[in-house]
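# Observations on chain architecture
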Amino acid sequence: MRTTVALTVLSFAAALVVGTAVAACRVSPVPPLRWAGALWVELVRNTPLSVLLLLFFFGFTKLGVVYPAFTSAVIVLSAYTSAFIAETVRAGINAVAGGQAEAARALGLTFGQSLATVVLPQALRTVVAPLGGLFIALIKNSSLASLLSVVDLAGVADRLNTATARPIPVFLGAAAAYLLLTIPSGVAIAFVERRVAIKR
Amino acid sequence: MSALATPLGDALGPRGRRRAAAATAVAAAGLAVLAVLAVNRLADRGQLAERQWEPFTRESVIRFLLGGLGNTVRAAAMAMALSIVVGALLALVRLSRRAPLRWLAAAWIEFFRGVPLILLILFTGLGLPKYGVDLPVYWYLVLALVAYNGAVFAEIFRAGIASLDRGQGEAAAALGLTYGQSMARVIVPQAARRMVPAIVSQSVTLLKDTSLGFVIVYEELLRRGRVTGEFFFNPLQSLAVVAGIYIVVNLAMSRLARRLEARQRRRYRAGSIDVGGIEDLAVVGAQGRAAAAAGAGGL
């Protein structure tokens, strides 16, 4: 269970940074960055997470890209989630009233300044709820790390299951553990949303 | 989409244009360097060698992989159809007027939505046989997919129904329609339209999730890709090909979802619904709202 939490928190933090950067690229006035951002999002988002995990862990070793299972899982989970975060943040940016960006321009702020100090803070607050949804999805997705034999919750359940003849209690236990993570997260997200979110 | 379509720009002034041009040059150069480095690395490690890619021109390999795709689609289609039925039933119970039934459905939905799919697949595939259930692997996978996606679809349906104006149900009641009649003739037909993009979105997710079937040795695309990789010692190429196939199929489906949503917004001036906890859907929903806020379909 600790492994699951660590996987989730590390990956989400990284994905938030990468995803926001990708979203910034996609709205920037620099065409190559826009294309690169779009390419990243479409490629990553449309590939199953399991394929990405195996590709990275078993395929990229051929390129000399070799990391231990846990690190690989964090890298792939971050990459995968970042594509979804990028799209969510971009939607948030689009939802910020145009006058805000125009006012920032009128004050003489550059693109980077207006994005960082005016638009993004509002955009992020708009999309708290969808981001929370992605966090919960990530908790569940982290179970795929068991494919790389990182021993997280699902991996534990799988091992217990092969060892015991009574799978139902084992699976109910693992399921309960996940619910113990996802349900309070949902409550926490709703709380944060009430505090900071901007309704539009 | 031109630069002007980004919300952060009116047309740039002369200084901004110079800056953007400089940034474009730098970014293009940087990306080109990255691409060259990647290709070099691939070449250095012999991963671009013809030997590594040649298998994918053989008819037997192509047929093997396409067969895997066929199995993936077969499982996904069956799971989708059953999930929609199960989801509709669950949603109806969830909205029933008998409180205990409502709670039961709510608990069922929250449980299966909150549990990782892989756990369900491991359970049906490895757990059920120990209780004397004996089915082809196909059905273990479908069963797990339905258990999970049925709950998700139930939430989609409920959100769709909840998104309708209360007045619709009240008006139906005022006309003397029974609960069942008003559901069947007034509520559901209207709600169904709003759900279509969400349903297609979730179908993309479902198709991707079908790849988890390989953990219980269902012969789907990912498993066959791995087998190919082990047989020809080219896991990188095999898995890349598999990823490519998924991307093509899913892009086609996503495009369909977007088109449906755009058409719906034109026709009914109603955005799609928004259901938390579904990755793709969070995106579609947020974009829908954003576009609605902007007052123009800029998707």
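Everything quoted here is computed from the prediction, not taken from an experiment. (Residues numbered from 1 in each chain as written. Chains lettered and ligands numbered in written order. Predicted model: local features only at pLDDT ≥ 70, side-chain atom pairs only at ≥ 80, totals over all residues.)

The next thing to look at is the overall build of chain B. Tallying secondary structure elements over chain B gives eleven helices and zero strands in all. Moving toward the C terminus, one meets the helices and strands of chain B in the order α-α-α-α-α-α-α-α-α-α-α. Looking at chain B as a whole, 41% of its 299 residues are labelled buried. The long-range fraction of contacts in chain B, counting pairs at least 24 apart against all pairs at least 6 apart in sequence, stands at 72%. (Helix = DSSP H or I, 4+ residues; strand = E, 2+ residues; numbered from the N terminus. Buried ≥ 20, exposed ≤ 12 C-beta atoms within 10 Å, placed from the backbone. Contact = placed C-beta atoms within 7 Å.)

Moving on to the overall build of chain A. Summing up its helical and strand segments, chain A has nine helices and zero strands in all. Seen in sequence order, chain A has helices and strands lined up from the N terminus as α-α-α-α-α-α-α-α-α. Its C-alpha atoms give chain A principal-axis dimensions of roughly 70 × 45 × 20 Å. Sequence-distant contacts, at least 24 apart, represent 75% of the contacts inside chain A between residues at least 6 apart.

Compared with the 16 Å implied by 1.5 Å per residue over twelve residues, the 16 Å span of helix H9 (residues 221–232) of chain B between its first and last C-alpha is a close match. The first or second residue beyond H9(B) is B:Phe233, which carries a positive phi of 55°. (Expected span 1.5 Å × (residues − 1).)

Another point: the nonpolar core. Counting residues in hydrophobic clusters, the biggest one holds 124 residues, and the most contacted among them are B:Leu119 and B:Ala144. In contact with B:Leu119, not counting residues within four places along its chain, are A:Ser143, A:Ala154, A:Ala157, A:Phe171, A:Ala174 and A:Ala175. (Core = buried A, V, L, I, M, F, W, Y, C linked by C-beta atoms within 7 Å.)

With 53 residues of chain B at the contact, the number on the chain A side is 65 residues. Those elements that provide at least two residues to the side of chain B that touches chain A are helix H1 (14–44), helix H5 (117–127), H9, helix H10 (235–268) and helix H11 (279–294) of chain B. Among the elements that take part in the side of chain B that touches chain A, H10(B) stands out by supplying ten residues, more than any other.

This next bit is on the packing of helix H1 (residues 2–27) of chain A against helix H7 (residues 128–141) of chain A. Residue and element names in this part refer to chain A. Between H1 and H7, the least distance of the axes is 9 Å, while the angle of their chain directions is 135°. Judged by the angle between their axes, H1 and H7 are oblique. By crossing handedness, the relation of H1 to H7 is classed as right-handed. Residue-level inspection shows Thr4, Thr8, Ser11 and Phe12 of H1 in contact with H7, the latter providing Phe135, Leu138 and Ile139. Among the residues forming the contact of H1 with H7, the class breakdown is four nonpolar, three polar and no charged. (Axes fitted to C-alpha atoms, helices over the stretch in contact; angles between N-to-C directions. Parallel < 35°, antiparallel > 145°, perpendicular 65-115°, else oblique. Left-handed = near helix turned anticlockwise from the far one by under 90°. Nonpolar A, V, L, I, M, F, W, Y, C, P; charged D, E, K, R; others polar.)

Residues shown with low pLDDT carry predicted positions that ought not to be read at fine detail. All names here are of chain B. Here chain B shows a mean pLDDT of 79. Residues at 70 or above account for 85%. Mean pLDDT across the secondary structure elements of chain B bottoms out at H11, with 41, and peaks at helix H6 (residues 137–162), with 90. Scored below 50 in pLDDT, residues 279–299 makes 58 contacts in the model with residues more than four places away or belonging to other chains. Scoring of the predicted complex yields 0.81 for pTM and 0.81 for ipTM. (pLDDT = per-residue confidence, 0-100.)

Attention now moves to the packing of H7(A) against helix H9 (residues 167–196) of chain A. Residue and element names in this part refer to chain A. Where H7 meets H9, the closest approach of the two axes is 9 Å, and the angle between their N-to-C directions is 165°. Relative to H9, H7 is oriented roughly antiparallel. The crossing of H7 and H9 is right-handed. For the pair formed by H7 and H9, the contact residues are Val128, Ala129, Gly132, Phe135, Ile136, Ile139 and Lys140 on the first element and Tyr178, Leu181, Thr182, Ser185, Gly186, Ile189, Val192, Glu193 and Val196 on the second. Of the residues assigned to the contact of H7 with H9, the class counts are ten nonpolar, four polar and two charged.

To continue, consider unusual backbone geometry. All names here are of chain B. Positive phi is not limited to glycine here, since Val217 has a value of about 60°. Tracing the sequence through the fold places Val217 in the loop between helix H8 (179–209) and H9. With 11 C-beta atoms packed within 10 Å, Val217 lands in the exposed category. One non-glycine residue with positive phi stands out, namely Phe233, at about 55°. Looking at the secondary structure, you find Phe233 in the loop between H9 and H10. Judged by the 12 C-beta atoms lying within 10 Å of it, Phe233 falls in the exposed class.

Here we take up the environment of A:Thr61. Residues and elements named next belong to chain A. Relative to the elements of secondary structure, Thr61 occurs in the loop between helix H3 (49–59) and helix H4 (69–95). Taking the number of C-beta atoms within 10 Å as the measure of exposure, Thr61 has 15 and is therefore partly exposed. Note: C-alpha distance between Thr61 and Gly132 (71 residues apart in sequence) is 33 Å.

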